[in-house]
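# Architecture at a glance
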Amino acid sequence: MIYLENNLPLTEAVFYILLAVRKPNHGYGIIQEVNEITGGRLVLGPGTLYGAINSLLSKNWIELYSEDKTSRKKKEYVITEEGKEVFFREVKRLEELIKNAKLMEESV
Amino acid sequence: MKKFRLYYDKDKEQEWLQKMALSGWALKNFFLGVYTFVPCKPGEYIYQIDLLDDFRDNNDFVAFLEDSGVEVVSRWFRWIYLRKKAEDGPFEMYTDIDSKIDHYNRIKRFFQVALLLEVICFLIEAIAVVTTRDPLLLIFTILIGTIALAILRVVWRCKWKIEQLKQMS
């Protein structure tokens with residue numbers, strides 16, 4: 001599992017994309033959800049999102065959930081088990097940061 | 001309304017399209033330096049210009065953009081002109097440093113290939129000038145040389161932009 005550690009820390013975009021595909025979601029849905037839950041702070045550009053999705057697909061952290069070519073339905077993506085594992089490792093790392101940040105508060 | 005312009009910096013071109021949209025002119029089509037504008041509400045659209053990549057599935061990319069609410073206004077060669085309604089919020093294709101660097105790398109690669117072709121043409125023409133001493137050919141050679149220098153400038157600008165972005169990260 002060492003190879004997973006090498007991928008940390010996640011970029012903010014990747015962190016929020018993984019979060020947004022915990023349930024099947026399409027590109028526009030990801031942009032909107034990330035925008036909403038960050039209070040408009042993080043607006044993912046479609047070009048950035050496209051690149052990130054392809055990189056996550058090739059790493060097998062997310063997968064294609066559905067693609068109905070006949071009805072021109074939007075492609076949906078969903079997180080994989082491997083993606084979840086990476087995500088929770090990142091959360092652990094972030095928790096450590098927050099825990100250690102308390103040291104600063106105590107010193108003030 | 002039609003306007004003729006030659007841009008070699010995509011960011012400057014984008015700024016100009018933005019200014020035109022702010023003054024009530026929306027780009028409708030682009031072909032070989034000819035920009036066709038139609039009236040719009042001032043500031044109705046936000047424009048972005050992107051370069052398609054030979055190494056990826058461009059139909060998939062364009063479909064993805066359309067699914068994300070982006071309108072593909074015009075497609076010329078590998079350049080695409082995109083827009084979104086300003087009322088739908090901000091619109092920027094690349095929003096983090098890594099993807100911006102990738103974007104300028106794609107543009108740089110594109111112009112490097114063009115530069116190589118121009119230099120080859122220039123050398124062939126230059127040899128022809130030396131052997132034939134034809135003044136018409138000489139003018140033609142100088143023209144190709146000038147274009148090659150302009151492309152070289154674009155490549156340098158891309159390099160400079162990438163360096164700036166790398167310093168930020």
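Residues numbered from 1 in each chain as written. Chains lettered and ligands numbered in written order. Predicted model: local features only at pLDDT ≥ 70, side-chain atom pairs only at ≥ 80, totals over all residues.

## Re the interface of chain A and chain B
Taken residue by residue, the interface counts 15 residues in chain A and 17 residues in chain B. Going through the elements one at a time, α3 (27-37) and α4 (46-58) of chain A are the ones with two or more residues in the side of chain A that touches chain B. Sort the elements by how many residues they give to the side of chain A that touches chain B and α4 of chain A lands first, with 5 residues. Residues belonging to the side of chain A that touches chain B are distributed by class as follows: 7 nonpolar, 7 polar and 1 charged. (Contact = placed C-beta atoms within 7 Å. Helix = DSSP H or I, 4+ residues; strand = E, 2+ residues; numbered from the N terminus. Nonpolar A, V, L, I, M, F, W, Y, C, P; charged D, E, K, R; others polar.)

## Structural notes on helix α2 (residues 12-20) of chain A
For α2 of chain A, the complete set of buried residues consists of A13, V14, Y16, I17, L18 and A20 of chain A. Next to the buried residues of α2 of chain A lie β1 (25-26), α3, α4, β3 (76-79) and α5 (81-107) of chain A. (Buried ≥ 20, exposed ≤ 12 C-beta atoms within 10 Å, placed from the backbone.)

## Considerations on the sheet that holds strand β2 (residues 62-66) of chain A
All names here are of chain A. Judged by pairing direction, the sheet is antiparallel, and its 3 strands sit side by side in the order β1-β3-β2 without closing on themselves. Looking at strand neighbours, the two that pair on one side only are β1 and β2, the edges of this open sheet. Across 2 bridges, the pairing between β1 and β3 is antiparallel. Residue pairing in the sheet places N25 in a bridge with Y77 of β3. (Pairing = 2+ DSSP bridges.)

## As for the confidence of the model for chain B
Residues and elements named next belong to chain B. The share of residues in chain B with pLDDT of 70 or more is 100%, and the mean pLDDT across the chain is 91. Ranking the helices and strands of chain B by mean pLDDT puts strand β4 (residues 45-51) first, with 95, and helix α2 (residues 58-67) last, with 88. For this predicted complex, the interface confidence comes out at an ipTM of 0.83, alongside a pTM of 0.84. (pLDDT = per-residue confidence, 0-100.)

## Things to note about the nonpolar core
Residues I17, V21 and I30 of chain A together with Y47 and Y81 of chain B are the most contacted members of the largest nonpolar core, which totals 36 residues. The greatest single-element share of this core, amounting to 6 residues, is contributed by α2 of chain A. Residue contacts for Y47 of chain B: discarding those within four places in its chain leaves Q14, L17, Q18, A21, L27, Y81, L82 and R83 of chain B. Y104, I107, F110 and V154 of chain B belong to the second largest nonpolar core, which has 7 residues in total. (Core = buried A, V, L, I, M, F, W, Y, C linked by C-beta atoms within 7 Å.)

## Structural notes on unusual backbone geometry
The phi angle of most residues is negative, glycine excepted, and most peptide bonds adopt the trans form. All names here are of chain B. Its identity as a non-glycine residue notwithstanding, L32 has a phi of 45°, on the positive side. Of the residues examined, L32 has 8 C-beta atoms within 10 Å and is grouped as exposed. Positioned with a positive phi, F77 is a non-glycine residue whose angle comes to about 55°. One can find F77 in the loop between β5 (71-76) and β6 (79-85).

## So, the packing of helix α3 (residues 97-132) of chain B against helix α4 (residues 135-168) of chain B
All names here are of chain B. Viewed as axis vectors pointing N to C, α3 and α4 meet at an angle of 160°, and their least axial separation amounts to 8 Å. With respect to each other, α3 and α4 are oriented roughly antiparallel. The way α3 lies across α4 gives a crossing that is left-handed. Residue classes in the contact of α3 with α4 are distributed as 27 nonpolar, 5 polar and 7 charged. (Axes fitted to C-alpha atoms, helices over the stretch in contact; angles between N-to-C directions. Parallel < 35°, antiparallel > 145°, perpendicular 65-115°, else oblique. Left-handed = near helix turned anticlockwise from the far one by under 90°.)

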